[in-house]
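Close look at the chain arrangement
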Amino acid sequence: MEIRTLAEGDAEAWWRIRLESLEAEPFAFGKSVEEHQATPVHIWAARFRDAPHSNLHLGAFENGKLIGIATFLRETGFKDRHKGRIYGVYVTSAHRGKGVARALLTYLIERAKQDSSLEQILLAVAASQTAAKQLYSNLGFRIYGTEPRALKVGVEYVDEDYMILRLSTVSEFPAVTIE
């Protein structure tokens, strides 16, 4: 298996696997099939080509075929650029349970950590996605909150757990002096 940054030429394969993810797991992702289909492949090709160095669009390949994807986007505002977010983690059903998602996320985290100004990585995961939450937890992520009814798919609601991986050495609970 090869894990690498997606290039402009990977856009069509990425577009197809992203469509598959949205069709197969509509309760796991914030985008709909219709929203995805409204963005043509050439737009994604340009996004891959023009992505800032701090953002990662990753793919896992087996024998040249894209079998898994994950995206990391670094925040850019003055007050929130110390963090980044993971989006769109998906592995094709035929390749689940083989460590593909773990490999993608491990690679993503290691690449993101190369920037010493990055202090935390955030993600949102459907509360019902127990396997995904277990993987994130095993990688060091912790739940810091839950948004009830975060997504609405048809008439059904999806709660989302928000998870954080702290990278900085700053204490989570700094000492406070009261005089």
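1. With respect to the environment of Leu165
Secondary-structure assignment places Leu165 in strand E7 (residues 156-166). On the basis of relative accessible area, Leu165 is assigned to the buried category, the value being 9%. Taking the C-alpha atoms as reference points, Leu165 and Gly140, separated by 25 residues in sequence, lie 6.0 Å from one another. Setting aside anything within four residues of it in sequence, one finds Leu165 in contact with Ile109, Glu119, Gln120, Ile121, Leu139, Gly140 and Phe141.

2. Structural notes on the pattern of salt bridges
Side-chain pairs of opposite charge can arise where the charged atoms are in close proximity. Evaluation of the coordinates by the stated rule reveals ten salt bridges. Glu75 is paired through a salt bridge with Arg85; the nearest N and O atoms lie 2.6 Å apart. Here the residue Glu75 occupies a position in the loop between strand E3 (65-74) and strand E4 (83-91), and Arg85 occupies one in strand E4, the gap between them amounting to ten residues. Residue classification places Arg85 among the partly exposed residues on the basis of a relative accessible area of 25%. One salt bridge connects Glu110 with Lys113, and the closest N-O pair in it is separated by 3.5 Å. Of the residues examined, Glu110 reaches a relative accessible area of 42% and is grouped as partly exposed. When its relative accessible area of 42% is taken as the criterion, Lys113 is described as partly exposed. Via salt bridges that share partners, Glu2, Arg4 and Asp10 belong to a single interconnected network.

3. Quick look at the environment of Asn55
Within the secondary structure layout, Asn55 lies in the loop between helix H3 (41-50) and strand E2 (56-62). Of the residues examined, Asn55 reaches a relative accessible area of 15% and is grouped as buried. Taking C-alpha positions, Asn55 is 27 Å from Val158, a pair spaced 103 residues apart along the chain. Setting aside residues no more than four positions away along its own chain, Asn55 makes contact with Phe72, Leu73 and Arg74.

4. Considerations on the pairing of E3
Across a regular strand the side chains alternate sides, sitting on one face of the sheet and then on the other. E3 sits mainly inside the fold: eight of its ten residues count as buried. Between the end of E2 and the start of E3, which pair antiparallel, lie two residues, with Asn63 showing a positive phi angle near 50°. When E3 meets E4, the two strands line up antiparallel, connected through six bridges. Each residue of the ladder has a partner; that of Leu73, found in E4, is Arg85.

5. Concerning the sheet that holds E7
One open sheet accounts for seven strands, arranged E1-E2-E3-E4-E5-E7-E6; its pairing is mixed. The sheet is open, and its two borders are formed by strand E1 (2-5) and strand E6 (142-153), each paired with just one other strand. The sheet shows a mean angle of 25° between the axes of neighbouring strands, direction not considered.

Cut-off values and rules
Residues numbered from 1 in each chain as written. Predicted model: local features only at pLDDT ≥ 70, side-chain atom pairs only at ≥ 80, totals over all residues. Heavy atoms only, no water. Helix = DSSP H or I, 4+ residues; strand = E, 2+ residues; numbered from the N terminus. Buried < 20%, exposed > 50% of the residue type's maximum accessible area, 1.4 Å probe, protein only. Contact = heavy atoms within 4.5 Å. Salt bridge = Lys/Arg side-chain N within 4 Å of Asp/Glu carboxyl O. Pairing = 2+ DSSP bridges. Axes fitted to C-alpha atoms, helices over the stretch in contact; angles between N-to-C directions.

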